[in-house]
Each structure stands twice: as structure tokens, then as C-alpha cells.
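The residues making up each chain are set out below.
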Amino acid sequence: MGQPKVETSPKVSDEVRKTTCYMCACRCGINVHLTSGKVTYIEGNRDHPVNKGVLCAKGASGIMQVTAPSRLRAPLRRVGPRGSGAFEEITWEEALETAVSWLKPLREEAPEKLAFFTGRDQSQSFTGWWAQQFGTPNYAAHGGFCSVNMAAAGIYTIGGAFWEFGQPDWAHSKLFVLFGVAEDHDSNPIKIGIGKLKARGAKVIGVNPVRTGYNAVADEWLGITPGTDGLLILSLIHCLLEAGKIDLDYLARWTNAPLLVNATEGPEKGLILKNAESQPFVIDRRTGMPAPWDGAGVQPDLGAVWQGHRTVFQHMAERYLSAEYAPEAVADRCGLPAARIRALAAELARTAFDEAFELPVEWTDFRGDRHSSMTGRPVSFHAMRGISAHSNGFQTARALHLLQILLGTVEAPGGYRLKPPYPKPVEAHPTPHFVAASGKPLSGPHLGYVRGPENLALKEDGTPWRIDKGFTWENPFSAHGLMHMVIPNAHAGDPYRIDTLFLYMANMSWNSSMNSARVMEMLTDRDDKGDYVIPRIIYSDAYASEMVAYADLILPDTTYLERHDCISLLDRPISEPDAAGDAIRWPVVQPDRDVRGFQSVLLDLGARLGLPGMVKEDGSPKFRDYADYIVNHIRRPGVGPLIGFRGEAGDKEGRGDANPDQLARYIENGGFYQAHVPDGAQYYKPWNRAYQDWAVATSFYETPQPYLFSIWSEPMRKFQLAAEGHGFLQPPDHLRDRLQVAMDPLPVWYPPFGEEAASGFPVHAITQRPMAMYHSWGSQNAWLRQIHGKNYLYLPTKIWEAEGFAEGDYARVTSPTGQIVVPVAHMAALNPDTVWTWNAIGKRRGAWALDEGAPEANQGFLLNHLISEVLPGEGRLSNSDPVTGQAAWFDLRVRVERVGPKDHAEPAFDVLPRVVPKGRARA
């Protein structure tokens, strides 16, 4: 009897198109299956370097984004009060003419009156360029609300950072330690990497107040008290120094540990000592004499003293060997036993040094020294928002990089590897540009890396150029801006009033702001004349988010499967440590609504405004649309948004003229391109001659850029000197003390701000984004809602039992700023003094086309209502890290009380009216 034929892989479509996912920041490759032109299935692209075919729940559910009922359908103009939901549909021509009528006078008279900020936008090199050509200093993306501490601390210390800048050496690492990882960010790559580690028997340790996601699969979990990660890390450093378990050769060769710190009293004290040519130098231990830091054959002496000046290494050792960093001194504060801290330090040391190995790879360093092998230190780290979103997060991130450096693991086999175009020294990055002039573009990019007080965005009278007060004495290194302060500052007229707020994909009236209830009031507040305090708001999004109802003009965006996007090396590429990579998105389906890709709309606006670079000499548009820009825009000679298939014949890599068939070649290649690092150049990139030469050829640098890792930060010391009274530029007196502490050139820990005001609020309250959701889009996705349709405030056993909570209860949660009433659940794997919830699950009733009875809109909630955007006291200092301006929303302290059973969370805001267009039909 014959067996029946079973089709194990039935055909699910009649066409497959390969593009790039946008459901989180991983930018995985996807195969989009179409049937009769409609999306019917999404799977991972097995040939893609990021995910290698793996696809998470977010990526697979992208199909629901293309069909979501919340999609905006046409341009809209407000016809009722803000927040009323009263709009009329207008044509694109009317919408663009309206926008131009608002923006053109600003550009001609006061460009700074436009504030242009974007959310989780993956085309920031383009949106930033547009704002630069307009001439406003007021541009940034969401990084100041998310993770700028991670990015800036990494750049200032090692020339790269965690997440998009690098990753662990999954092939060789034997011990992997995660600090405060954000589960929504690095989804597939981390999962794949942890799978590789566990398959080899490597150990994973999680350090996080909450044991979910990656921490749940870790071999060990350390439930640390929020905001104390930096103290723990410095205690680990104390133990390593005490035991002599540090990589002295690595420190001497590749870091500024052997450089001399100026000991002379005065304005140069604490800066790196320079020679007559204004260059730093070292003491060669063979001769005992000064020698160039990059000189051939030089062997720097870590313990040298020269004319009373000591090395960075000696300053560092003296500080961290102090008893104040001993585990016994920090244990109670960190919420961890001293013995456990010492055990972790011992495990780091044992793995890094006792399990060290050699890769038989020959290479030549920047000094010309030849090496027959590469030393492997099989310890790697990863960190993200959990340590970043604190007012001490910058220094905590620096401390973690210092820990890596002392173990000799950064860019070493088995350690943390940077992804091209990183590593880059601070000097390879621009400084911020901010001087606005009528009718002219800015002289350079808005965002950059400050070297000293001379780079601050201050007018001659000392007031800020930027509406968010970025790059001022309040937040000198604000490399991503302060998106969370745009609306509060504009409403307060501090430092000045604006005319038009232009937002893209930034849900500022809800989960992308602190003190959300107050921000909604700010958006609708009127002045004494009855005019809105923020006169005009233009908003672009693909969906009817909470923010839509507060805008005056809506420019509806496409979904990510309906437009072109560029994941560029000028911005946020898809590189791997062994290959530079970039990618595109392209319209795998056409929209069935009167919507346009936001980037193409910006180019249209730019041409109508006559912005430089967007019009030809005769005034006609230079680019047809964003796809045309991606191919033909030249940022500098031979360098454009994409590195692949350049030149007229498409045979150039990195540098070359525009190729009219470039996008077609990318599509043929699966939507991506990779430029592979040459053999022998994969490790020790900052100091490897072969890598440096390849980086120049591939367009990352114009000349080789070898550099030393910065244990001692000279830019930070310059600000500390200013706070001490040295130099021409001086900070306001009320900021001197905090600058002296926060701008310490060596990593330091200090308690999070606002602790005194929170003395009656003993519980830490934090949020996490769930792995299944990244954008606000995700929490209105029909499939993802089945995973996270409701959020609870999770209480540790200590609080659950002390307050007598039972299943089904609600709690009243009070902070110095406000009060909410929310559903609770018990969680044992949680720091005993911490409560937490999933962020952005709670929705306002009526938004996102959700039913008014949806659990997200009734039982769902935000902790944002409890967080003040400013610190207690006078002066309106932002509730942010004092170095970078990173929003400090993990510093929240609360009091928790049992309420008992309820059926809805509070506050219960009025139902947000559906965006139902009124007036004439769409064109």
C-alpha cells in the first residue's frame, strides 16, 4: 500500500521580494511573500548577514503593519481645537503649500524658530542634512531619550559603543556579562549569539534589577539596585587591581595609561602633558626618556614619573585601590553580597588570563611593530538602556569600558569587537554646529562631539542656541540632543519661543515624553491673546498615534514595506565586525492610500523652499524623490549614502561616482551589501595598519586614524577646569559643583540626582520595552497584542507580602511628581526594592484605532506620568544626565500602596477622538 504524499513546504505565495525589516533596530533581512500583489507572509532571509534567516515575532508580524486599521490615509488639516480630533482631508499640494507658507518666512528671518525632531527614525543622516540646509540649530532624534549615554561614553573612551557599534566575539568568548540590556533593541543578533555561547559551554551572567529575557536564560543573575551599576563596576576594578589581574601590556600599548598628567598648578593641571610640538608623549622604559606615543619601537612605561608628572595609570590605580570601592563598602548600596562581587571579579580574571589563547595571525601595528599572533581574552560584555537612562549613566558606561580595557578585551579575540565604520576616535567626528543665520544653512552638522568649552552651542551672551539646551553647560556632551526637553522648553519660552514644531514618528504626547499628562497640556496651552503657546505643529507618521490629535498639519507617511529607506554607513549601518554592511528598503508593495514616504516629502519641501543641495541652478528640484537621492547624493567626493555597486559600471566599493543602477543591484543582492575586512585586519582595528588602510580605501576615513583608548578623558578635564575657575569661558556658578563631579576625567560614581527629594519614596520604579515590541506601532499590531495586550506593575516578594497584595489587586503608585493607580502582579526574580512594568503597552483610549474597551487603553498604563522633566529646585535643570542630557527616567522613586480590586487604571484620560477626516474627499 503506497504512502500518501504530504507537501511539507506548501507554496505560500506567487512572488518573493527581499528587503529589510523595520520592526526594531536590528534591521534583519526579510523575504516578503506576495500573493496577487498582497503581502501574505514574512520570513527571515537566510542569506542576510544580520539574522541569517532567523526572524522574531516582531518581524513576522510586519504583515499586520501594512493592513493596520490605524494607518493614516491622506494629508489632514486641523479644523477644531488641538486634541479634538477634528480634521479635514486636503490634497498633497495644499498640505505642502501650507507647510511652505509656515516654513519659508522662518528660514528667511529666524531659522531657529523651527524645531525639527524625529523619533526612532533610521535615516538620521538625511533628516539631519535637511535641517542643516534649512539652517535651524534645532534638530535631533530620539537618542537623548533613549541611550546617548551608551553612545557618547563609548566614543569618548574606546571610539565605539555597545549595540550598533559592536558586538561580542561570539566565536571565541567564554564569559559573557550583560548589564541593563534593553530587550527590544538587539533581538535576533543577541539571541543567535547567546545560542552559540551556550552550545560551546560558555557562561552567561546577567546584571539587571529584573530577570526577564536574556537575564532569564543567563547562568547567573545579579539583581542589582537600579542606578548602582557604576559602583559595582568600579568595585570589580578595585578587586582586579588589588589582585594584579590586569593586562599591563595592553594598557601600555593601546591606551593612554602611559601618558603623563600635567601636575603643574594652573589652567593646564590635569590635562595630558604635551611636548614642544603640542603632542602627548610617553616615557620609553628602555631609555627612561620622553618618546613619541606613536614612535616606532617605543615601549611606554606605565609607572614613569617625569619632572613630577605621573602617568594616567598611576592616577587610576591610586583612585580605584581606595577602600571606598572595596566590595564590603559598596555591597549594601548595590544590593549584592560582597562575596558575590569578589566572586565575579575572580571569574572575570580567571577567564581573561587563565583561559587566554593565541590566534596565529600575523599583523603590523601603527608603530610599525610586527606581531606573530593575536592574544585572545575570552571575556565579553554588552550593555544598553538599563545602565544608560540614569543621571549617572555616562560615567557608568565609561566605567564598563574601563573594565573591558583593564582586562585587555576590547578588539581582542574573544572580547568586544567594533563594527565598521567604527572604531573612530573622537577627533574623527565633527563638533556641533549651531549658528543660525537668516536664509543660510548651518556651516556643518548639528550633532557632534565636543572637545572643550569652546565647542558649546552658546550665543555671545551665554544663552543657548538650541531650544533643548543641548551642548551647554547643563549638558555639554549632548551628542544626540534632548528630545524630551523640546516641548517643555518651547512652552516655557526657555531659552526662547519657537514658531513651528516639526515632528516625525515621535509620539511626544504619550510615551516619548516625561510627565506625559503635563506635556499634553503644554501642547494645548494658549497665551493671553488666545493663541497656542506653540503656534504650529506639523507631524508625520504612518499611524494614528496619540500625537496626531495635537498637530495642525498631518503629512501621512507610508509603512516600511511601501517606501525606500537607506540604512547607511553615514548613519546606522548593518555592519558586522568582519564586514562593513549597508542595506535598503524598497516598495515591495504600493500603498492603497494617498500617502507618501516622509523622506521624499522632505525633499519636495526642500526644493519648494530652495534649500541648498536640493535644487539645481535653475531652481528646479535636484532629486525626483528619496530613491533618487539615495543614488545620486554625494556627501563628499566619491562618497554617498551606499557603499556598494558604486561607479558607472557598479564595480566600485566604498568610493566611486553615482551608479544609476545601484538600487537595482541592491535589490538583486537581497537588499544589502557587504565589504569584507581583509584577512589579518579583523582584530585590533584601532591599531592595525591593515585595517586602517582598508578603512581609508572603503571611505570611513580620509587618512589612517590610529588612536589610544582614553582612560583619562581630556575633554572632560577641560570642563572640570572651567568649573574650577580656569579659562576664558566659565560656567554659571550654580553649575560649578555638579560639573566638577560629573566631568571627572576618570570614571566615577555618584548617586542619581533627585534622591534627596525622593527620601519619602523608597521604591525604585523602572520600565523595560518587551522583546516583542519596539516602536509604538507594535502595541497596536493585531498579532503582537496577543503577546502583550496588558501590562502589570510587577512587585517583588518583599513589597507584595508587606502590603498584603492579592491576585487581581491594583496599587496606588505615588512619586514626587504625580500618582497613578495600576494593576499589579507578583514577581520573585526582582530586586527587592524595585517595581517595574513594560513600557508603551498602555495606550490612550481612542488612539491607534483601538476599540475603546481595549485592555491597553483601560488596564494599560505608563510610568511616564510619574516622572518630572525637570529636577527639583530652581533653574529648570532637565531631569537628565549632566554630561550628555540623557533622559534619566530610570531614576524614578515611588511609594506603593494596595488599593484592592478595580477594573481600570488611572489616570483615565478622556477618549481621544478618532481621526475621522471631515470635508471633501481625498484627491
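Relevant structure appears above.
Let me sum up the structure you'll find in this document.

**A word on the overall build of the protein**
Helix and strand content of the protein: 25 helices and 35 strands. Taking 923 residues into account, the globule formula puts the C-alpha radius of gyration at 29 Å, and the protein, at 27 Å, falls close to it. Across the 923 residues in the protein, those meeting the buried criterion constitute 66%. Across the protein, every contact between residues at least 6 apart in sequence was considered, and the portion connecting residues at least 24 apart equals 71%. Total accessible area computed for the protein in this model is approximately 31300 Å², and 50% of it derives from carbon and sulfur atoms.

**With respect to the sheet that holds strand β21 (residues 379-383)**
Pairing is parallel across the open sheet formed by 4 strands, whose spatial order is β11-β10-β9-β21. In this open sheet, the two edge strands, each paired with only one partner strand, are β11 (220-222) and β21. The sheet shows a mean angle of 15° between the axes of neighbouring strands, taken without regard to direction. In this structure, strand β9 (residues 175-179) lies alongside β21, joined through 5 bridges in parallel fashion. From the neighbouring strand, Leu178 faces β21, where its bridge partner is His382.

**Some remarks on the packing of aromatic side chains**
All chains considered together, the criterion is met by 49 aromatic pairs. Judged by centre distance (4.8 Å) and plane angle (0°), the rings of Trp363 and Tyr684 are stacked. Residue Trp363 is located in strand β18 (residues 363-364), and its partner Tyr684 is located in the loop between β28 (672-676) and α21 (689-697); the two are separated by 321 residues in the primary sequence. Taking relative accessible area as the criterion, Trp363 reaches 5% and is therefore assigned buried. Among the aromatic residues, those joined into a ring-pair cluster are Tyr250, Trp254, Trp293, Trp363, Phe366, Tyr684, Trp687, Tyr707 and Phe709. In this arrangement the basic side chain of Arg120 is found over the ring face of Tyr774, its NZ or CZ atom lying 3.8 Å from the centre. A cation over a ring is seen here: Lys424 above Tyr422, with NZ or CZ 5.8 Å from the ring centre.

**Some points on the sheet that holds strand β27 (residues 579-585)**
Working definition: the strands of a sheet are paired by backbone hydrogen bonds and lie parallel or antiparallel to each other. Spatially, the 3 strands line up as an open sheet ordered β26-β27-β28, and their pairing is antiparallel. Of all strands in the sheet, those bounded by a partner on one side alone are β26 (565-567) and β28. Adjacent strand axes in the sheet meet at a mean angle of 10°, parallel and antiparallel pairs treated alike. Bridge analysis of β26 against β27 gives 3 bridges, and the strand direction is antiparallel. Paired with Cys566 across the strands is Ile584, a residue of β27.

**Comments concerning the nonpolar core**
Across soluble globular proteins, nonpolar side chains show a tendency to be buried alongside one another. One finds Trp130, Phe502 and Leu561 to be the most contacted residues of the largest nonpolar core, which totals 153 residues. The element that contributes the greatest number of residues to this core is helix α3 (residues 92-109), accounting for 8 residues. Beyond its immediate chain neighbours, meaning those up to four positions away, Phe502 contacts Leu114, Ala115, Phe116, Phe117, Trp130, Ile538, Leu555, Phe598, Leu602 and Leu605. Judged by nonpolar contacts, the second largest core, of 127 residues, contains Met150, Met316, Phe366 and Ala397.

**What to know about the state of the cysteines**
The full count for this structure, using the stated rule, is 0 disulfides. Sulfur of Cys26: no disulfide; nearest cysteine sulfur belongs to Cys24 and is 3.5 Å away. Looking at Cys56, it has no disulfide partner, and the nearest cysteine sulfur is the one in Cys24, 5.7 Å off. Classification of Cys56 by relative accessible area gives buried; the value is 11%.

**Some details on the pairing of β21**
Of all 5 residues making up β21, 5 are buried, and the element is well covered by its neighbours. Of the two faces of β21, the one lined by Val379, Phe381 and Ala383 and the one lined by Ser380 and His382 are each fully buried.

**Considerations on the pattern of salt bridges**
Enumeration over the complete set of coordinates arrives at 45 salt bridges. One salt bridge connects Asp592 with Arg71, and the closest N-O pair in it is separated by 3.3 Å. Taken together, the residues span a long stretch of sequence, with Asp592 in the loop between β27 and α18 (598-609) and Arg71 in the loop between α2 (62-66) and β4 (76-78) at a distance of 521 residues. For Glu88, the salt bridge goes to Arg77, with nearest N and O atoms at 2.8 Å. Note that Glu88 is positioned in strand β5 (residues 86-89) and Arg77 in strand β4, a separation of 11 residues in sequence. Given the relative accessible area of 17%, Glu88 is considered buried. According to the relative accessible area criterion, Arg77 is partly exposed, its value standing at 25%.

**Considerations on the packing of helix α9 (residues 229-243) against helix α15 (residues 393-407)**
With their axes 8 Å apart at the nearest point, α9 and α15 run at an angle of 25° to one another. Here α15 runs roughly parallel to α9, going by the angle between their axes. For the element pair α9 and α15, the recorded crossing hand is left-handed. Of the residues in α15, those touching α9 at Asp229, Gly230, Ile233, Leu234, Leu236, Ile237 and Leu240 are Thr396, Ala399, Leu400, Leu402, Leu403, Leu406 and Leu407.

**Here's the deal with α9**
Here α9 spans 21 Å end to end across 15 residues, near enough to the 21 Å set by a 1.5 Å rise per residue. Counting buried positions along α9 yields 13 of 15 residues, so the element is predominantly enclosed. At the C-terminal side of α9, Gly244 shows a positive phi close to 70°.

**Structural notes on the packing of helix α4 (residues 124-134) against α18**
The interhelical angle for the contact between α4 and α18, taken along N-to-C directions, is 15°, at an axis separation of 11 Å. Judged by the inter-axis angle, α4 sits roughly parallel to α18. Our pair here, α4 against α18, has a crossing hand that is left-handed. Judged by residue contacts, Phe126, Thr127, Trp129, Trp130 and Phe134 of α4 engage Phe598, Gln599, Leu602, Leu603, Leu605, Gly606 and Leu609 from α18. Residue composition of the contact of α4 with α18, by class: 9 nonpolar, 3 polar and no charged.

**Quick notes on the side chain of Arg71**
On the basis of relative accessible area, Arg71 is assigned to the buried category, the value being 13%. At 2.9 Å, the side chain of Arg71 and the backbone oxygen of Ala68 are in polar contact. Polar side-chain contacts of Arg71 include one of 3.3 Å to the side chain of Asp592.

What counts, and where the lines are drawn
- Residues numbered from 1 in each chain as written.
- Predicted model: local features only at pLDDT ≥ 70, side-chain atom pairs only at ≥ 80, totals over all residues.
- Heavy atoms only, no water.
- Helix = DSSP H or I, 4+ residues; strand = E, 2+ residues; numbered from the N terminus.
- Rg over C-alpha atoms; globule rule 2.2 N^0.38 Å.
- Buried < 20%, exposed > 50% of the residue type's maximum accessible area, 1.4 Å probe, protein only.
- Contact = heavy atoms within 4.5 Å.
- Areas by Shrake-Rupley, 256 points an atom, 1.4 Å probe, with all protein chains shown as cover.
- Pairing = 2+ DSSP bridges.
- Axes fitted to C-alpha atoms, helices over the stretch in contact; angles between N-to-C directions.
- Phe/Tyr/Trp six-rings, centres within 6.5 Å; stacked < 30°, edge-to-face > 60°.
- Lys NZ or Arg CZ within 6 Å of the ring centre and 35° of its normal.
- Core = buried A, V, L, I, M, F, W, Y, C linked by side-chain atoms within 4.5 Å.
- Disulfide = S-S within 2.5 Å.
- Salt bridge = Lys/Arg side-chain N within 4 Å of Asp/Glu carboxyl O.
- Parallel < 35°, antiparallel > 145°, perpendicular 65-115°, else oblique.
- Left-handed = near helix turned anticlockwise from the far one by under 90°.
- Expected span 1.5 Å × (residues − 1).
- Nonpolar A, V, L, I, M, F, W, Y, C, P; charged D, E, K, R; others polar.
- Polar contact = N/O pair within 3.5 Å; in protein donor to acceptor, adjacent residues only side chain to side chain.

These results come straight from atomic positions and should not be treated as a statement about function.
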